[in-house]
Every structure is written in structure tokens, then in C-alpha cells.
Amino acid sequence: HTYSNLCVSKCVVLCAPPQPAPIPEKSKGSRLFFRLSDLASVRVKEEGWSYLVFTLRDCNMGVELPALHFHQGGSEVFLDCLRKYLLLTESTTDASLLQVSPHSRALSQSFENLLDDATFGLITQKFSQDPVTTTLGGFSKVTNYLFDAFRGPDTVLLKERPVGEVADLLNEAIPGLDINQLEEPGFEVITRIDLGVLPEVRRRGPVGAEEWNTNMDPEGRMRNISHLKQTIFKGGLCHVLRKEAWKFLLGYFPWESTLEERRSLTRRKTDEYFRMKLQWKSVSEEQEKRNSMFRDHRSLIEKDVNRTDRTNTFYEGQDNPGLILLHDVLMTYCMYDFDLGYVQGMSDLLSPILYVMEDEVDAFWCFVSFMDQMHQNFEEQMQGMKTQLIQLSTLLRLLDLSFWNYLVAQDSGHLYFCFRWLLIRFKRELSFPDVLRLWEVMWTGLPCQNFHLLVCCAILDSEKHQIMEKQYGFNEILKVCVMFCLHVCVHLYLSLCECKVGWGQYYTKYDLPYLLK
């Protein structure tokens, strides 16, 4: 989990780790410090000048913080800044009270429109003729929500003025920072870290069966796990090895388990899977008539299964056994996780796993492990997606300020077009073999858990010259980022290398904010 923290001293906003950074003795002035995730409401008051009163959530016993006064104006600009990170809605009973609200239903509906092939049909003739018109309907619903959630209505771009003590504090925490120095009072914003020249990096070939087996002891325990993960990160896996290795990478098999322990685990998990499968198989038609949630999940799964990877030989044709397995695993997952059930996009995450495993039991438990990582992306409040989009915008701003500024000027600074990349980990943007390679690389957890954000930055970097040189606006940027799937395979491995190098320099040279780790 990540947090955005608010530190106020002449109105200072920054992203920081959950634990507040120590304040140097030379710093002066009173401060308010709290996590934005803890904020419950903001009360706006007027007494000749404006002042704001922040109240934290119930877990903090409804703490009301000291008032923040704006004797020379600026309260609206401050609230506009907050709206970039929070959705503030006016209370229906008190016009002076702004409540923090997620608007989860709006984003959930946007998510469905974004994944619907009717609006996002990348392989349809309609899209080929006019991709922007075809996709803009779905994207407009997403961007409308994100404008509300992140930016707020009529947000004015903030102007910054450095305060000496704040600049010193930030530079002590992260050397090499540039801080905007404009004339108007407002906010100090981290704008750039100079990474220097990126060294050349070469990727190796995929790990084969022989190399894998040399890292296994006589009882079947994996040895040199850290080194093995490094080699997988640098080159991936040969296909014949994936069926076994993915179970370790996803956490279904413990790395330290013996061969006999894994056989015992498989027997237990097989029994557990078929017990859950029997639960939904045993639901009668009469029962289903009285269970709207069950009907909705089944209907949506059947709809999505029939349009998932149908050009892949494993799923193509009518009455394909692969489609039946895909359907059954997703229905069984509804029995495993009643709270989440099934959400559009989950079939995209299961399809490559089932293709590799060729077994519904192994595929199910690997999918469960993958969903443990991706769960927040599909929850009703979509907090995982909101957080990742904020993180990605922050990271791009640090790595490539000029490009980020250009996107902001084109109303694209919050990177709405990356929504689907993050949601299902580039599944519909890459070729199927590239998805397998990219996912196994990311599952190593190297060099960080948020490596997928760097992949996004590398992809954007490969497109930025076209975008900036041709002075693309919002629609053209959207079109480029939708169409890049047609040629991204050419850039994928280079992009991965660039991401690894960029992150390696950045991560080791600087104390990167916890927000992005």
C-alpha cells in the first residue's frame, strides 16, 4: 500500500513515505502533517479571510486538526491541488463541508466500457478505419471520472515559489532534485532528478531446463533462488519450463519445498478445487432464479470467455475444450472469492496462465496467486488503479519532466490512456508470446514491485518523440497509445532494458519516495 502525505508550511505539498521525514532544526513555522488517505473531510470557513479545518477518519477518532488560515488568499488554489489526489464532494446538509468520496460506481462502469470489445475492439474493422472514434466512447467515461477524481473541476495549474527551508529539507532527503521557482506563493513541487547517461545493458537468453535443474537439490528444493530470479528477469524462461517455473514465481509452490511436499500440496489443492467447482455445478435452475449475483457472474463470464484470445489455437473454434476450462476456472473463482466474484478483465489474466498450465487445477491456483497481486485493480472502489495512475504520473514527472509538462499541456498529464495497460498488465497491448515473457519477468519482483510502472515509462519514451515533434493533442496522443500495440513487440525488450537500467541507477543513487517503490 502507498500513501500520499500532506505537510503544510506556507502550504507545502509533497509525496513521502508513511513515516514523516524529520524536520531540520533550522526550519521554522508551524506544520500540519497527515496522510491524505486518512482525510475524512475539509471544512471551509470565512471570517474576513478563508481558513480550512481538516478532520481525519474514524480510525483516528475523528481528529480535528488546527485551522489553516489563508490571510492573503489562496485557499481555492490549495483545494484545487487536493482535488488532484482526492475526490471532494460538497455535503448535502452542510455547504461548508467537503467530504472525501471515492465515486466507486462511476469508475467501475468506466472500467466495463473500457474493456468492452464494442468500444475497445482493437481487431475490428471499425477500429482499423477510425481507432479514435471507436475507442473514445469508452475512454471518455474513464477520463471524465479521472478528471473528477484527480483533478477537480476547473483546476488551475499551480504556480510554485521555493521556500528556503523546504528546498533544504527536500534536497537533504533526495539529492539532485530541481524545484520550480516561480513568483506566486503556492506549492513546492519535485520536478526532476538527473539520472545521467544510462549505461548499455544486454539481456541474456531464456532459462532452460538444464539450467533450472542445476538449481535444484536431490530432494527437489530450489537453490540459489536470488540468482535464479535474476537470470529469469534478464532473459525469461523457455516455454517448456514455464509450466513448472510459473508455479514458483506466482507463489503456488514454495521455493523451499521438496518434490514430495509439492506432490502432497497438489493433491490437497486438487480436492479443494473440485469441492468448490461442485458448489456452482450443483446450483439448480430454481436456485439460480433466486440468486441474481450468481446469474450476473455466470452471464458475464460466458460473454467474456467467448471473446477472449479466440485467435489463439488453444481457444479458437467452437466447442473448444480450452473455452470450457476457462469458463469453469472463472466460475470456481467466484466460489473462492464471493466478495469479488467476477469482474471484466479477469479472463484476460487467466487466459495465458491456463494456456501454459494446460490443467484447470494448476491454472486455478496460479490464477488465485496472481489475483492476490491484482485484487485492488478489480475492487469496486478501484483504489489500486487510482493509486497506480498517480504513481505513474509522479514517476514520469521525475524521469522526464519536459515530456510530462507537454502531456499536462495537452490535458493528458494524468495518463488516462495507460488505464488498461495497468489494469490487465499490457495483456491486450502485446502479442501473446510477449505477454508470457513480460509477466514472468515482472513476477520475479525485480528490481522492485512496481516494475510495471517503469515499463509504462519506457513505452511512453519510445513514443514521445513522435508525440512532441508532431505536436499531438489529446486525441492524437490517445490514438498513438492505443495503436502502439501494433508495433510494441519491436520495442519490448529494449524497453525492459531501459527500464531496468533507469530504475537501477535511480533506486541505488537516491532514496526514492516510498510512493513509487
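One structure accompanies this document, and this report is about it. Values in this document were obtained by computation on a predicted structure and should not be read as measured data.

Calculation rules
- Throughout, a residue's number is its position along its own chain's written sequence, starting from 1.
- Local features in this predicted model are restricted to residues of pLDDT 70 or higher, and side-chain atom pairs are both shown and tallied only at a pLDDT of 80 or more, whereas totals for entire chains, interfaces and linings draw on every residue.
- Note that water and hydrogens are dropped before the side-chain values are worked out from all heavy atoms of the structure.
- Runs of H or I in DSSP of at least four residues are treated as helices and runs of E of at least two as strands, each being numbered from the N terminus.
- To sort residues, take the accessible area from a 1.4 Å probe on protein chains only and compare it with the maximum for the residue type: under 20% means buried, over 50% means exposed, and anything in between is partly exposed.
- By convention in these notes, a salt bridge is any Lys or Arg side-chain nitrogen within 4 Å of a carboxyl oxygen on Asp or Glu.
- This arc describes the spread of directions from the helix axis toward the C-beta atoms.
- In this description, contact between two residues means that some pair of their heavy atoms is separated by no more than 4.5 Å.
- The way it works is a 1 Å grid over only the protein atoms, where trapped points that fit a 1.4 Å probe form a cavity and open points with protein on both sides within 12 Å along at least five of seven lines form a pocket, and then any residue with an atom within 4 Å of a point lines it.
- Grid points are joined across faces, edges and corners, and a volume is the space filled by probe spheres set on the points.
- Residue polarity is assigned by list, with Asp, Glu, Lys and Arg as charged and Ala, Val, Leu, Ile, Met, Phe, Trp, Tyr, Cys and Pro as nonpolar; anything else, Gly included, falls into the polar class.
- Working convention: axes come from line fits to C-alpha atoms, limited for helices to the stretch in contact. Angles between N-to-C directions cover 0 to 180 degrees.
- Roughly parallel means an angle under 35 degrees; roughly antiparallel means over 145; roughly perpendicular covers 65 to 115; every other angle is labelled oblique.
- Two helices that cross are described as forming a left-handed crossing if the nearer one is turned anticlockwise from the farther one by less than a right angle, and a right-handed crossing if clockwise.
- When DSSP locates at least two bridges between a pair of strands, those strands are taken to pair.
- We call a set of buried Ala, Val, Leu, Ile, Met, Phe, Trp, Tyr and Cys residues a nonpolar core when their side-chain atoms join them within 4.5 Å.
- Two N or O atoms count as a polar contact when they lie within 3.5 Å, although within protein this holds only if one can serve as hydrogen donor and the other as acceptor, and sequence-adjacent residues are included solely when both atoms are side-chain atoms.
- For Phe, Tyr and Trp, where Trp contributes only its six-membered ring, two rings pair if their centres lie within 6.5 Å, and the inter-plane angle classes them as stacked under 30 degrees, edge-to-face over 60, or tilted in between.

Considering the overall build of the protein chain
Inference 1: Scanning the protein chain from N- to C-terminus turns up 22 helices and 9 strands.
Inference 2: Out of the 517 residues belonging to the protein chain, those deemed buried represent 54%.

Quick notes on the pattern of salt bridges
Inference 1: For the structure on display, the rule yields 22 salt bridges.
Inference 2: Measuring nitrogen to oxygen at the nearest pair gives 2.5 Å for the salt bridge that ties Asp94 to Arg43. One end of the pair, Asp94, is in the loop between β6 (88-90) and β7 (97-100); the other, Arg43, is in strand β3 (residues 39-46), and 51 residues separate them in sequence.
Inference 3: Exposure remark for Arg43: the relative accessible area of 23% places this residue in the partly exposed category.
Inference 4: Linking Asp217 and Arg221 is a salt bridge whose minimum nitrogen-to-oxygen distance equals 3.7 Å.
Inference 5: In this structure Asp217 comes out as buried when scored by relative accessible area, which is 16%.

Section: helix α17 (residues 401-409)
Inference 1: Restricting attention to buried positions, one finds in α17 the residues Phe403, Trp404, Tyr406 and Leu407. Viewed along the axis of α17, the buried residues span an arc of 160 degrees, placing them on a single side of the element.
Inference 2: Those residues of α17 hidden inside the fold are in contact with α16 (383-399), α20 (451-469) and α21 (474-483).

Some remarks on empty space enclosed by the protein
Inference 1: What the rule picks out here adds up to 5 cavities of 30 Å³ or more.
Inference 2: When its volume is computed, the largest cavity comes out at roughly 110 Å³.
Inference 3: What lines the largest cavity is a set of 10 residues, among which Tyr85, Ile390, Ser393, Thr394 and His414 lie closest to the centre.
Inference 4: Ranked by residues supplied to the lining of the largest cavity, first place goes to α16 with 5 residues.
Inference 5: Across the lining of the largest cavity, the residue classes break down as 5 nonpolar, 3 polar and 2 charged.

Points about the environment of Met374
Inference 1: In this fold, Met374 is placed in helix α15 (residues 360-378).
Inference 2: The exposure class of Met374 is buried, given its relative accessible area of 1%.
Inference 3: Residues Met374 and Leu349, 25 residues apart in the sequence, show an inter-C-alpha distance of 9.3 Å.
Inference 4: Setting aside residues no more than four positions away along its own chain, Met374 makes contact with Leu349, Leu422, Leu423 and Arg425.

Points about the packing of helix α13 (residues 321-336) against α15
Inference 1: The N-to-C vectors of α13 and α15 enclose an angle of 55 degrees; their axes lie 10 Å apart at closest approach. In terms of their interaxial angle, α13 and α15 are classed as oblique. α13 and α15 meet at a crossing whose hand is right-handed. Packed against α13, whose contacting residues are Leu325, Asp328, Val329, Leu330, Thr332, Tyr333 and Tyr336, the element α15 presents Glu360, Phe364, Trp365, Phe367, Val368, Met371 and His375 at the interface.

Considerations on the sheet that holds strand β5 (residues 68-70)
Inference 1: Reading across from one edge, β5-β4-β3-β7-β6 is the order of the 5 strands in this open sheet, with antiparallel pairing throughout. Bordering the open sheet on either side are β5 and β6, each of which pairs with just one other strand. Ignoring strand direction, the axes of neighbouring strands in this sheet form an average angle of 25 degrees.
Inference 2: Examined bridge by bridge, β3 and β7 share 3 bridges and lie antiparallel to one another.

So, the pairing of β7
Inference 1: Summarising the sheet, β6 and β7 pair through 3 bridges and their orientation is antiparallel. Bridged to Glu90 within β7 is Leu98.

Considering the packing of α17 against α20
Helix-helix packing is characterised by the crossing angle of the two axes and by the distance between the axes.
Inference 1: Interhelical geometry of α17 versus α20 gives an angle of 60 degrees and a closest axis separation of 11 Å. Judged by the inter-axis angle, α17 sits oblique to α20. In terms of crossing hand, the pair formed by α17 and α20 is left-handed. Contacts from Ser402, Phe403 and Tyr406 in α17 reach Leu460, Lys464, Ile467 and Met468 in α20.
Inference 2: Across the contact of α17 with α20, the residue classes break down as 5 nonpolar, 1 polar and 1 charged.

Some words on the nonpolar core
Inference 1: Grouped together as the largest cluster of nonpolar side chains are 100 residues, with contacts concentrated most on Trp212, Trp246, Met346, Leu349, Ile353, Phe378 and Leu460.
Inference 2: The greatest single-element share of this core, amounting to 11 residues, is contributed by α15.

So, unusual backbone geometry
Inference 1: Following Leu446, the chain continues into Pro447 via a peptide bond in cis, with omega recorded as -10 degrees.
Inference 2: Its location among the elements puts Pro447 in the loop between α19 (432-443) and α20.
Inference 3: Residues other than glycine seldom take positive phi values, yet Glu358 does so here, at roughly 55 degrees.
Inference 4: Position of Glu358 among the secondary structure elements: in the loop between α14 (346-357) and α15.
Inference 5: In this model, Arg425 sits at a positive phi of 50 degrees, which is unusual for a non-glycine residue.
Inference 6: Mapped onto the fold, Arg425 is located in the loop between α18 (419-423) and α19.

What about the environment of Ser462?
Inference 1: Relative to the helices and strands, Ser462 resides in helix α20.
Inference 2: Looking at Ser462, its side chain comes within polar contact range of the main-chain oxygen of Ile459, at 2.6 Å.

Section: the packing of aromatic side chains
Inference 1: Taken as a whole and assessed by the stated rule, the structure comprises 25 aromatic pairs.
Inference 2: Here the aromatic rings of Tyr273 and Phe274 are separated by 5.1 Å at their centres, their planes lie at 80 degrees, and the arrangement is edge-to-face.
Inference 3: Assessed through its relative accessible area of 39%, Phe274 is described here as partly exposed.
Inference 4: One aromatic cluster is present, formed by Tyr273, Phe274, Tyr333, Tyr336, Phe364, Trp365 and Phe367 through successive ring pairs.

Here's the deal with the pairing of β3
Inference 1: With 7 bridges joining them, β3 and strand β4 (residues 50-56) adopt antiparallel strand pairing. Within β4, the position partnered with Val44 by the bridge is Leu52.
Inference 2: Connecting the antiparallel pair β3 and β4 is a turn made up of 3 residues, with Gly48 showing a positive phi of about 85 degrees.

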